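These are the residues of each chain, in order.
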Amino acid sequence: MSLTLAEARTRAALLSDVSYRLHLDLTDRETFGVRAEVSFACAQPGAGTFLELADAREVLVDGLPATSYDGRRIALDDLGPTNVVTVEARVPYVTDGDGMHTFTDPADGETYVSAYVGMDICHRVFPCFDQNDLKAPVSMTVTAPEGWTVLGNGRVVRQEGGSWEFATTPPIPLPMFVVCAGPWHSRTWEHAGLPFGWHARASLAGQLDRDLTELRTVTEACFDHYATTFAEPYAFDSYDQAFVPGQNWGALETPGCVTYRDEILPVGTPTDGERRRRATVIAHEMAHMWFGDLATMTWWEDTWLQESFADYMGFRVADEAAGFHGNFVDFSIGRKVNAYVADERRSTHPIAPLAEEVPDVDAALNNFDAISYAKGNSALRQLVTWLGDDDFRAGVDGYFARHRFGNTTLADFVAALDAATDRDVTAWVESWLRTTGFDTIRAIRDPDGVTLTREGSRPHRFSVVTYDETLAPSEVRLVDLGAEPVRLPAAAVVVPNAGGETFARLRLDELSWEVLAGDLASVPDDSTRAIVWSTAFDMVRCGDLRPEEFLGLLTRHLPRERRVGIVEGVLAWSLGTLVPRHLAPDEVADAVAQVAAACETGLASEPDRPVAVSLTLGLARTTPDPVLLQRWLLDRRTHTGMPVEPDLRWTAIHRLAALGEIGVDEITDERLSDGTITGVLGAATALAALPTPDAKAVTWEKLTAEPVLSNREFTATAAGFWNAEQTALVHPYVEPYLSELLALAATRGQAFSHLVARAFPAVPLLDEHVTALEHALAGEVPTVLRRGWEDTLDDLLAARGR
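All values derive from a computational prediction rather than experimental measurement.

So, the pairing of strand E9 (residues 111-116)
Burial of E9 is extensive: 6 of the 6 residues sit out of reach of the surface. The alternating pattern of E9 places Thr 111, Val 113 and Ala 115 and Tyr 112, Ser 114 and Tyr 116 on opposite faces, both of which are buried. Here strand E8 (residues 100-104) runs beside E9; their pairing, made up of 5 bridges, is antiparallel. If you follow Phe 103 over to E9, its bridge partner there is Tyr 112. Bridge count for E9 against strand E14 (residues 178-182) is 4 bridges, and the pairing is antiparallel.

Re the packing of aromatic side chains
For the coordinates displayed, the defined rule picks out 54 aromatic pairs. Taking the centre distance of 5.7 Å and the plane angle of 40 degrees together, the rings of Phe 196 and Tyr 239 count as tilted. Here Phe 196 is found in strand E16 (residues 194-200), whereas its partner Tyr 239 is found in strand E17 (residues 239-244), with 43 residues between them in sequence. Given a relative accessible area of 1%, Phe 196 falls into the buried group.

Overview of the sheet that holds strand E2 (residues 31-42)
Judged by pairing direction, the sheet is mixed, and its 8 strands sit side by side in the order E5-E4-E7-E2-E1-E10-E13-E12 without closing on themselves. In this open sheet, the two strands that pair with only one neighbour each are strand E5 (64-65) and strand E12 (156-160). Relative to strand E7 (residues 82-92), E2 is paired through 11 bridges, and the arrangement is antiparallel. Following the sheet pairing, Phe 40 is matched in E7 by Asn 83. Packed onto the sheet, helix H1 (residues 5-14) meets strand E1 (15-25) and E2 and runs at close to 100 degrees relative to E1.

Structural notes on helix H17 (residues 609-622)
Taking 1.5 Å of rise per residue, 14 residues should cover 20 Å, and H17 covers 20 Å from first to last C-alpha, within 8% of that figure. In terms of burial, H17 is largely enclosed, as 10 of its 14 residues are buried. Among the residues of H17, Val 611, Ala 612, Val 613, Ser 614, Leu 615, Thr 616, Gly 618, Leu 619, Ala 620 and Thr 622 are the ones counted as buried. Its buried side turned inward, H17 meets helix H15 (564-582), helix H16 (588-604), helix H18 (626-635) and helix H19 (646-658).

Things to note about the nonpolar core
With 129 residues, the main nonpolar core has Tyr 20 and Phe 177 as its most contacted residues. At 9 residues, the largest contribution of residues to this core is made by helix H4 (residues 304-320). Setting aside chain neighbours within four positions, we find Tyr 20 in contact with Glu 37, Val 38, Phe 126, Pro 127, Cys 128, Phe 129, Ala 136, Pro 137, Val 138, Ser 139 and Leu 174. Listed in part, the 87 residues of the second largest apolar core include Ala 491, Ala 530, Leu 553 and Val 611.

Things to note about the packing of H16 against H17
Where H16 meets H17, the closest approach of the two axes is 8 Å, and the angle between their N-to-C directions is 150 degrees. Between H16 and H17, the interaxial angle falls into the category roughly antiparallel. Seen from above, H16 lies across H17 with left-handed handedness. Residues Val 592, Val 595, Ala 596, Cys 599, Glu 600, Gly 602 and Leu 603 of H16 lie in contact with H17, whose contacting residues are Ala 612, Leu 615, Thr 616, Gly 618, Leu 619 and Thr 622. Of the residues assigned to the contact of H16 with H17, the class counts are 8 nonpolar, 4 polar and 1 charged.

Focus on the sheet that holds strand E23 (residues 449-455)
The pairing of strands in a sheet comes from backbone hydrogen bonds and takes either a parallel or an antiparallel form. Taken in spatial order, the 4 strands make up an open sheet running E26-E23-E22-E28, and their pairing is mixed. Edge strands, defined here as strands with exactly one partner in the open sheet, are strand E26 (486-489) and strand E28 (504-507). Pairs of neighbouring strands in the sheet enclose a mean axial angle of 20 degrees, with direction left out of account. For strand E22 (residues 439-446) and E23, the ladder comprises 7 bridges, and the chain directions are antiparallel. Looking across to E23, one finds that Ile 444 is bridged to Thr 451.

What to know about unusual backbone geometry
A positive phi angle is found at Glu 58, which is not glycine, with a value near 50 degrees. Within the secondary structure layout, Glu 58 lies in strand E4 (residues 57-61). Classification of Glu 58 as exposed rests on a relative accessible area of 64%. Phi at Ala 192 takes a positive value of approximately 55 degrees, unusual for a residue other than glycine.

Let's talk about the side chain of Glu 232
Summarising the element assignment, Glu 232 is placed in the loop between helix H2 (205-229) and E17. In terms of polar contacts, Glu 232 uses its side chain to reach the side chain of Arg 404, at 3.0 Å. Residues within four places of Glu 232 in sequence aside, it is in contact with Trp 290, Leu 294, Phe 400, Ala 401 and Arg 404.

Topic: the side chain of Thr 792
Examined against the element boundaries, Thr 792 turns out to sit in helix H28 (residues 783-799). Owing to a relative accessible area of 12%, Thr 792 belongs among the buried residues under this scheme. Once residues lying within four places of it in the same chain are set aside, the contact partners of Thr 792 are Arg 581 and Phe 760.

Thoughts on H19
The terminal C-alpha atoms of H19, which comprises 13 residues, lie 18 Å apart, in line with the 18 Å expected from a rise of 1.5 Å per residue. Counting buried positions over the 13 residues of H19 gives 10, a clear majority of the element. Within the sequence span of H19, burial applies to Leu 648, Arg 649, Trp 650, Thr 651, Ala 652, Ile 653, Arg 655, Leu 656, Ala 657 and Ala 658. Downstream of H19 by one or two residues, Gly 660 has phi in the positive range, about 80 degrees.

Quick notes on the pairing of strand E19 (residues 257-261)
Counting buried residues in E19 gives 4 out of 5 residues, a clear majority hidden from the surface. Pairing analysis gives 5 bridges linking E17 to E19, with the strands arranged parallel. What sits directly across from Ala 242, in E19, is Thr 259. Strand direction decides the pairing type here: strand E18 (residues 251-252) and E19, joined by 2 bridges, are antiparallel.

A short note on empty space enclosed by the protein
A probe matching the size of a water molecule, rolled over the atoms, marks out where space remains unfilled. Inspection of every chain in the model, using the stated rule, returns 4 cavities of 30 Å³ or more. Of the voids in this model, the largest cavity is the one considered here, and its volume is about 190 Å³. What lines the largest cavity is a set of 15 residues, and nearest its centre among them are Thr 269, Thr 271, Val 613, Glu 645 and Leu 648. By residue class, the composition of the lining of the largest cavity is 7 nonpolar, 4 polar and 4 charged. Along its surface, the second largest cavity is lined by His 225, Thr 229, Phe 230, Met 313, Arg 316, Val 317, Glu 320, Asp 389, Phe 392, Arg 393 and Val 396. Its residues placed into classes, the lining of the second largest cavity shows 5 nonpolar, 2 polar and 4 charged.

About the cut-offs
Residues numbered from 1 in each chain as written. Predicted model: local features only at pLDDT ≥ 70, side-chain atom pairs only at ≥ 80, totals over all residues. Heavy atoms only, no water. Buried < 20%, exposed > 50% of the residue type's maximum accessible area, 1.4 Å probe, protein only. Helix = DSSP H or I, 4+ residues; strand = E, 2+ residues; numbered from the N terminus. Pairing = 2+ DSSP bridges. Phe/Tyr/Trp six-rings, centres within 6.5 Å; stacked < 30°, edge-to-face > 60°. Contact = heavy atoms within 4.5 Å. Axes fitted to C-alpha atoms, helices over the stretch in contact; angles between N-to-C directions. Expected span 1.5 Å × (residues − 1). Core = buried A, V, L, I, M, F, W, Y, C linked by side-chain atoms within 4.5 Å. Parallel < 35°, antiparallel > 145°, perpendicular 65-115°, else oblique. Left-handed = near helix turned anticlockwise from the far one by under 90°. Nonpolar A, V, L, I, M, F, W, Y, C, P; charged D, E, K, R; others polar. Polar contact = N/O pair within 3.5 Å; in protein donor to acceptor, adjacent residues only side chain to side chain. 1 Å grid on protein atoms, 1.4 Å probe; cavity = no way out; pocket = protein on both sides within 12 Å on 5 of 7 lines; lining within 4 Å. Points joined across faces, edges and corners; volume = space filled by probe spheres on them.

Note that every value here comes from positions in space, so none of it alone points to a role or purpose.
Structure representation (structure tokens):
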């Protein structure tokens, strides 16, 4: 039963002055106890409403058995002007991340229980009015096993043994509630008059201490930057951050205690790319303290008011404040590429749709996508370029001042910008935020110069870089492109949108493309190279560049690429999109070997360490040479002298398993020598990759068994199972995937539907498989899974020119 827009509007009009007093008992291992005292006013005495509480047992309402509880909602009738309802219940723990998640660490046997909730999950933890526009202060006490640390939205005001009491929060949206409990390894300090902390599982104590200096530096730099960027100060009483197991999101911006999936605190030394992405996520989640926690969207059509802004600010602030320069270069070749693809699917939607276009929370969950994040980020970057930074900041300050601890809509933000500028913000918003799709910027060359034209209707402001015959930059200019073409003087190479300031498809003139395709790696500007690479991805998608031509670009230019983010982006797209979606089964082995050869050639040139790490991981994923990998494992160093840390080791083991060069016994021995969750998941992937019918049958039984694997184990197992070089082995499982996992998703809820959608066969498929997918979608499919499958179907059809 998904909360609808109509229900949320009715309840918000009826209720006000909501507050919660909670007690959670986390001492039992099967279920946890909750006691919630919910206070609220009612505008229409005598009316009725409902609290949400999912899958609870032994439910009491005001001390009596809850006869009005249907397993999801508690009916509340004949309300007075003011009301206090007390609910007590026992609620089961979960292992899929949607509720009070429990995890036992294989490294040391320690248990952790945490609620990192997000949209439509809070009622899986305690009875509540689970919607954004009934923000409420929360008071909480927790009973936990002695020796545990408990974290929450407010700072700890009392702790005696296993009893914890937290300060009452300011009004917060219920999807941003958090509690994290377990024997955390904690490092705390004070900054700007507030308590700060980083926390991780006890088995990751060494990794947290290893990275603490950088984590603290990034945190403080971002916090100080926001303190000077926004007129409104940070609104909460503490700033904890925790690396937690089983988190479904990359991170959650829960005020006072931000949670991150603990994979971003890797067991081995983090790569430069991992460090950059982590800093960007830290900046992203901190931006939410203002965009989302201080001023909160009223309903989910305005997801962009939170996610687009945080995505934009995360990339910008990690660059400007935390020292990860050129961050938008990596954005251009990564997340932005995904947004272009998403914007051509049937599921595309305006960045800011109408409320009625998001009728319930299931539909809303589907809008947490590349449109709301990466396209929204791109649109905001274009807005700042078009509006000017000073006016943008003045509008933002007015927005926060007017809506502090309140709820907002697009109209509220537009009004704040209108008050700060004389430009026509409303027209810009209608053009950029209320429509779908994107324009094409096309460069057309004639003997006297180059003309830029726009195919579409949006205004664009972006930089154009020109280069001479040696690929030395000759001019950079900012241009405004609308209905009228822009004329540029002749140059050997002309690259529009070279800084990535706008969101539009790019098509270069033939001479510019020819020069760049021949010597792209010699272009000195990172952003220009990223834009050209991403244009090449799009040309393959559109059928304007053949896969073998793209592999030629990769062979020529990847070995000479010097920015690690571009290396990672090219490898990720080549192996994650080109191979499974644009090649026939009999073309895969040669393509993968070409990628391996490019990585090996790049390593032979002795690149800087960050690039060498990325190329080494790429080689481990693709090499056809098992002796090379076996030598790495034996020597614990690669042939270039790089240490074989856990991530690289398990990547090599996975590849050896896929090649059939190691078996169950060797993988099990490796698992036993690595007692961490990294080892558990690495072994799951490797076992699933073994290239025999028996191994695939065993793996399929694991994927479809009840009880279902934990969210992490399911994902790791599916990743090994679907191997693009093993189509003969896995093609027989495509139709069972569409039926058996559909049946499980229908009973397991949103989180598992997401897992199933992400586990779609990542292999070249035959037309008969596409037909089977179309047939499955003609039947009953849960909303979240339907969105994932329809997106995949659109990608498959696009790759076939349909």
